Structures are given as structure tokens and as C-alpha cells.
Amino acid sequence: MAPSDKIGFYDYAGKINEENLNSILKDRRKNVIGWYRFRRNTQQQMSFREQIIHKQLTQLLGVPDLVFLLFSFISTANSSTHALEYVLFRPNRRYNQRITLTIPNLGNTSQQGIQSLLSAQHLTQLYPGLREAQNADSHSTPEENTEPSEASPLSRITFHTPSAPERPSTSPNPPSYANLLSQDDSLLSSSSPPTSAALLPRPQAVGSPGHPTPGPLGMGLGLGLSMGA
Amino acid sequence: MAVTSVHLESDAFLVCMNHALSTEKEEVMGLCIGEVEVTRIVHIHSVIILRRSDKRKDRVEISPEQLSAASTEAERLADITGRPMRVVGWYHSHPHITVWPSHVDVRTQAMYQMLDQCFVGLIFSCFIEDKNTKTGRVLYTCFQSVQAQKGSEYERVEIPIHVVPREAIGKVCLESAVELPRILCQEEQDTYRKIHSLAHLDPVTKIHNGSVFTKNLCSQMSAVSGPLLQWLEDRLEQNKQSVVELQQEKERLLQELAAL
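Residues numbered from 1 in each chain as written. Chains lettered and ligands numbered in written order. Predicted model: local features only at pLDDT ≥ 70, side-chain atom pairs only at ≥ 80, totals over all residues. Heavy atoms only, no water.

*Asks:* Where do I start with the overall build of chain A in this structure?
*Replies:* Counting its secondary structure elements, chain A contains five helices and four strands. Contacts spanning at least 24 positions in sequence make up 63% of the contacts within chain A whose residues lie at least 6 apart. Approximately 13300 Å² of chain A is accessible, and the part contributed by carbon and sulfur atoms is 54%. (Helix = DSSP H or I, 4+ residues; strand = E, 2+ residues; numbered from the N terminus. Contact = heavy atoms within 4.5 Å. Areas by Shrake-Rupley, 256 points an atom, 1.4 Å probe, with all protein chains shown as cover.)

This is the structure in C-alpha cells:
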């Protein structure tokens, strides 16, 4: 963002002063994707002057799909409540000129998949096959990004690959850490003796003489399952 | 009416907005520091970002410990700025929800007003979108609570609020702004440590937990720390540019003066 309040790059007639524009942009010229305007108490539409400025900018900067971000500000009569509204336009297109503007934040940059911290009880609750695996002498290296058709129970734990974050979508409610902790207490009393590192066999390479045949597993496993609620 | 209006310094406003826009998944909150003038105008000079221990929906409450810590902070600010500062209000966000305070909010505000008649409440409503016009909206309002008659329900009273422009971001507000990534990181570390203090974790669980921790920290960096840093660097660049231009103007004027 480069505010141009000190030197304007256009005049009252809407004619762009290229020299001023260049002095504002300098070497950032190639990174320009659009321009913005802030007005108070006005309609959410491009004014005529803005339209002609937009046409000139499109040509001068050589950006065919230049965008225009319009901010408008309105208040209640007693000034107790104020609203800042924003619309993103693509004026060079014939249809669908308005686009949704998404603000990336903590709530929507969380990628799919691994979400919750677990403790051992939960792990065995989630993956009953783990119990069998602990009892049998099995291979315990988790495989990444694959859902192997024939593999030992533990290696069925898959890590979902995060999708490219082009349009961040709101991920489903990840359980909060606190819930898991309280669940811990309730599970401690009801579940079987806790898993300890000693019970889990040491990892063995696939193909080694100790490698077992895969046991039956009821459900598809994925760490993306949300716990609890 | 206890308070006539609220004047919110624009750099404090900036911190609130940044905080409110940091997440759409939960409500955030903080305290406002400033002074109340004889004309009953509340002047907010800075804000303190708070951590929410109870993250249930619409349970925005400030613990006595947080209030006490905020008072200490206010005293520190009073020393720095040389003006009498104290906690004068609270703010919280309403992501995807209307800007008006809920019944719980009005009651909470009423409770604070019992301690301080001039205590004000601010609400920031964000991540609102009008699907028809593709218009996004961020709203903010200021209110107090009043009880029509003894024993009746508390009601909202609208208080005019004005944002006071400032040439630059004050040092205090700058510190508050960068407090957010610090708080987020701290929360994440606390949760991770708590889980890992449980004795009987198997290796797979440890790997899983470590991955969650890393992922969450990265998420914070991409959503909060990264953009904040970028914005501050851009602003610094602009300020440096301003300085150069002003110096050039000064040179020109001096030359003009010398020519006279």
C-alpha cells in the first residue's frame, strides 16, 4: 500500500500526471495490482472520475485486470456507531465486477489436517488398531501422505497434505487444547492402563524378518479427525 | 449520562482494529487506558491486549488479576507520558456478529460501571459481508449501561465516539501492537508444555504434538507476525522517504530565502 496524499497523481479533470505517479511508485511499479480510495458518506460505486483514472492507470501500468478498492465510511447521527465499508472492483471486466475481499487471519489460515494435540489415551481411543499393534510386534513408522493399502496398523496414520492456500477456507472447529486436558482426567479413570513407551516396539524396517503381516483395521485413519465434540 | 463522549487516539484505534481483525474464530478483548476530563470526555490514549482464559462464545470477562495488571501498566504509562492515566474502558470484538452488545455484554459493562461510573465499553464488529453487494464491513460502537428502574434489566446507552487523528504512531501504542504476536506465541507454548508434561506419551503422539505446535506457530506467523512486520517495514520506508522530501523542500525554501 502506498498512500499518495502528499503528491496527487491526478488533477481535477482526472488526467494522470505520469511524473508524479512515477515518483510515488518508483521501483514498485511492476508490483502494482490496483489502487484504492477512501471517501466518507458516499455511495459504494465508482465515480466517473475514478472510472477514467482507472482506464488510464490500466494503460499506463499495463495491468489488464487492475483492481479498485473502495473504502467508504458512514456513522450514526449521534456518532456512537461507525462503519467502514469496503468493496473490491474489477472494472475492466464486463460481468461480476465486484469481488469478495477475504482478510486472512488466525481463523482461516489454519490448514486442514493436524489440528489437535493428543495424549496417549486419546491416541488409543482414536485408533483401536494401536492396541493390537502394541500387543503384536509391529512396525511403527508412520507413512507420510499416503494411505497404504497393505501396511501395519500404525503406518495407517495419514497426514493430510495441506491444500494450496489460494482461497483460505474456514476450517472446521479445531478442538481447543483445554477440552483435551479435561477429557484426560475423565479417561484416566475409565480406560485401560496407559500406553507407555516401553509397550511400543522399536521401529523395524519394512522387509526385515520381524516385519509382521498387516492386521485388520476397521476404519480409515486420519489425524484430521476432530476429537471430542 | 455519566460520560458525554469518547475520544479515541488513532494509534490506539489502530491497535484495537489490528487485534479485532487478527481472528474470526473467537472474540478478542482488551482494556483501554487514558484519562477522563472534567467535561466527562473520556480520552483513550492506548490499549492493552488481553488473553482470554475462558474462550466460550460471548463470555468476554476480565479477571480481577488482569484489571490489576492493567492498572499497573496504566501507572507505568502515566510515568512515561507525564499525564494521569488509568483504565477507562474495555473493548472486545464481535466477529461475524452484530456490533451491538449482547445481554451478557451489557451486564458486564454495568458491573464495571459500579466500580467506575465513567467506564466505557467498545465493540468492534468485523468479518461481516453483505453477499449481495459483496461489501465487507467493519463497525465499531461505544456504549454504557443503564438501569431504567431498580431491579429492571440493564439497557445499552449509546456514547458518541470520535477517532482523533495523529501524525504518527506513539511509542506506547507501537509496543501494544507488537504485543499480540508475543501473546499468541506464549499461549501456544503454554498449551504445548502442559500437554508434554504428561508423563506417558508415546513417540507417535510426541511427533504428532510437535507437528501441531509447529503448524500453529507457522499459522500465527503467516496471519499475524508476518503482515505486521511487513507493514511496519513499509511504514518505515515511507517515513524515511518523507524525511528526504522534507529536507529537499527545506533546501529549496532556504535557497529562495537566500535569493531574496
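*Asks:* I tried to follow the packing of helix α4 (residues 171–196) of chain B against helix α5 (residues 203–259) of chain B on my own but got confused; where do I start?
*Replies:* Axes are the key here: two packed helices are described by the angle between their axes and the distance separating the axes. All names here are of chain B. For the pair α4 and α5, the least separation of the axes is 10 Å and the interaxial angle reads 180°. Here α5 runs roughly antiparallel to α4, going by the angle between their axes. Between α4, through L174, A177, V178, L180, P181, L184, C185, E188, Q189, Y192, I195 and H196, and α5, the contact on the second element is made entirely by K206, N209, G210, F213, N216, L217, Q220, V224, S225, L228 and L232. (Axes fitted to C-alpha atoms, helices over the stretch in contact; angles between N-to-C directions. Parallel < 35°, antiparallel > 145°, perpendicular 65-115°, else oblique.)

*Asks:* What is the right way to look at the packing of aromatic side chains in this model?
*Replies:* Each aromatic ring pair is specified by the distance between its two centres and by the angle formed by the two planes. Residue and element names in this part refer to chain B. Tallying each qualifying case throughout the model produces 14 aromatic pairs over all chains. Both rings, one in F13 and one in F124, keep their centres 6.2 Å apart while their planes meet at 35°; by these two values the pair is tilted. Pair noted here: F13 is in helix α1 (residues 10–20) and F124 is in strand β5 (residues 120–130), with a separation of 111 residues, a long-range link. No difference in accessibility class separates F13 from F124, as the two residues are buried. Here F13 and Y140 contribute two aromatic rings whose centre-to-centre distance is 4.9 Å and whose plane-to-plane angle is 55°, an arrangement assigned as tilted. (Phe/Tyr/Trp six-rings, centres within 6.5 Å; stacked < 30°, edge-to-face > 60°. Buried < 20%, exposed > 50% of the residue type's maximum accessible area, 1.4 Å probe, protein only.)

*Asks:* Could you clarify how one ought to interpret the UniProt feature "coiled-coil region" (unreviewed entry) in chain B in this entry?
*Replies:* Those places that UniProt annotates as "coiled-coil region" (unreviewed entry) correspond, in this numbering, to residues 229–256 of chain B. Spanning residues 229–256 of chain B, this segment combines 100% helix with 0% strand, and its end C-alpha atoms are found 41 Å apart. (UniProt positions renumbered as here; feature names shortened; annotations may be inferred.)

*Asks:* Where do I start with α1(B) in this structure?
*Replies:* For the α-helix, the turn length of 3.6 residues means that residues three or four positions removed from each other point alike. Across the eleven residues of α1(B), eight count as buried, placing the element largely inside the fold. For α1(B), the complete set of buried residues consists of D11(B), A12(B), F13(B), V15(B), C16(B), M17(B), H19(B) and A20(B).

*Asks:* Quick question: what am I supposed to make of the domain arrangement of chain B here?
*Replies:* By a frequent convention, interface size equals the accessible area lost on bringing the separate parts together. All names here are of chain B. In terms of domains, chain B is made up of domain 1 (3–162) and domain 2 (169–257). Taking only C-alpha atoms, the centre of domain 1 and the centre of domain 2 are 24 Å apart. Roughly 1300 Å² of surface becomes buried between domain 1 and domain 2 when both sides are summed, with 67% attributable to carbon and sulfur atoms. Per-residue buried area on domain 1 facing domain 2 is highest for D11, I49 and R51; these three make up 41% of the total on that side. On inspection of domain 1 and its partner domain 2, the count reaches three salt bridges. Between R51 and E187 there is a salt bridge whose closest N-O contact spans 3.6 Å. Mapped onto the side of domain 1 that touches domain 2, the elements with two or more residues apiece are α1, β3 (41–50) and α2 (64–81). Tallying contributions element by element places α1 first for the side of domain 1 that touches domain 2, with six residues. Residues belonging to the side of domain 1 that touches domain 2 are distributed by class as follows: six nonpolar, five polar and five charged. (Domains from an automatic or database assignment. Buried area = accessible area lost by both parts, 1.4 Å probe. Salt bridge = Lys/Arg side-chain N within 4 Å of Asp/Glu carboxyl O. Nonpolar A, V, L, I, M, F, W, Y, C, P; charged D, E, K, R; others polar.)

*Asks:* What am I meant to see in the side chain of Q144(B) here?
*Replies:* All names here are of chain B. Relative to the helices and strands, Q144 is located in strand β6 (residues 135–147). Classification of Q144 as buried rests on a relative accessible area of 3%. One polar contact links the side chain of Q144 to the main-chain carbonyl oxygen of Q117, over a distance of 3.0 Å. If we ignore the near neighbours within four places in the chain, the residues touching Q144 are A2, V3, Q109, Q113, Q117, C118, F119, V120, E155, R156, V157 and I159. (Polar contact = N/O pair within 3.5 Å; in protein donor to acceptor, adjacent residues only side chain to side chain.)

*Asks:* Quick question: what am I supposed to make of the nonpolar core here?
*Replies:* What tends to happen in soluble globular proteins is that the nonpolar side chains get buried as a cluster. Residues and elements named next belong to chain B. Membership of the largest hydrophobic core comes to 46 residues, with the highest contact counts inside it found for V3, V6, I44, V47, Y91, L122 and F124. The element contributing the most residues to this core is α1, with six residues. Of the domains in this structure, domain 1 (3–162) and domain 2 (169–257) are the two that each give at least three residues to this core. Here V3 is in contact with R40, V42, C118, V120, Q144 and I159, once residues within four sequence places are set aside. Within the second largest apolar cluster, 23 residues are counted, among which are A74, A78, V87 and F143. (Core = buried A, V, L, I, M, F, W, Y, C linked by side-chain atoms within 4.5 Å.)

*Asks:* How should I be thinking about the confidence of the model for chain B in this particular structure?
*Replies:* When pLDDT is low, close inspection of the predicted coordinates is not appropriate. Summarising the model, chain B shows a mean pLDDT of 90, and 97% of its residues fall at 70 or more. Interface confidence for the predicted complex, expressed as ipTM, amounts to 0.88; the pTM equals 0.74. (pLDDT = per-residue confidence, 0-100.)

*Asks:* Would you mind going over the confidence of the model for chain A with me for this structure?
*Replies:* All names here are of chain A. Model confidence for chain A is summarised by a mean pLDDT of 65, while 45% of its residues fall at 70 or above. Note that residues 137–206 has pLDDT below 50 and, in this model, 120 contacts with residues that lie over four places away or in other chains. Segment residues 210–229 is flagged for pLDDT under 50; beyond a separation of four residues in sequence, or across chains, it makes 54 contacts in the model.

*Asks:* Would you take a moment to explain the packing of α1(B) against α4(B) for this structure?
*Replies:* Residue and element names in this part refer to chain B. One can describe the packing of α1 onto α4 by two numbers: an axis separation of 9 Å at closest approach and a directional angle of 5°. As far as their axial angle goes, α4 and α1 are roughly parallel. Contacts from D11, A12, V15, N18 and H19 in α1 reach C173, S176, A177 and L180 in α4.

*Asks:* For this particular structure, what's the right way to read a nonpolar patch on the surface?
*Replies:* Together, L254(B), L257(B) and L260(B) make up an exposed nonpolar region whose accessible area comes to about 370 Å². In this fold, L260(B) is placed in the segment after α5. (Patch = residues over 30% accessible without salt bridge, like charges linked within 9 Å, V, L, I, M, F, W, Y side chains within 5 Å.)

*Asks:* Quick question: what am I supposed to make of the pairing of β6(B) here?
*Replies:* Put simply, side chains in a regular strand alternate between the two faces of the sheet. Judged by how many residues are buried, β6(B) sits mostly within the fold: ten of 13 residues are covered. Across six bridges, the pairing between strand β3 (residues 81–89) of chain A and β6(B) is antiparallel. Among the inter-strand pairings, Y86(A) is bridged to a residue of β6(B), identified as G136(B). Alignment of β5(B) against β6(B), held across eight bridges, turns out to be antiparallel. The residue bridging I128(B) from the neighbouring strand is R137(B), located in β6(B). Hairpin connection from β5(B) to β6(B): four residues lie between these consecutive antiparallel strands, with K134(B) at a positive phi of about 55°. Connecting β6(B) to the antiparallel partner strand β7 (residues 154–158) of chain B that follows it, the hairpin turn spans six residues, and G151(B) within it adopts a positive phi of roughly 90°. (Pairing = 2+ DSSP bridges.)

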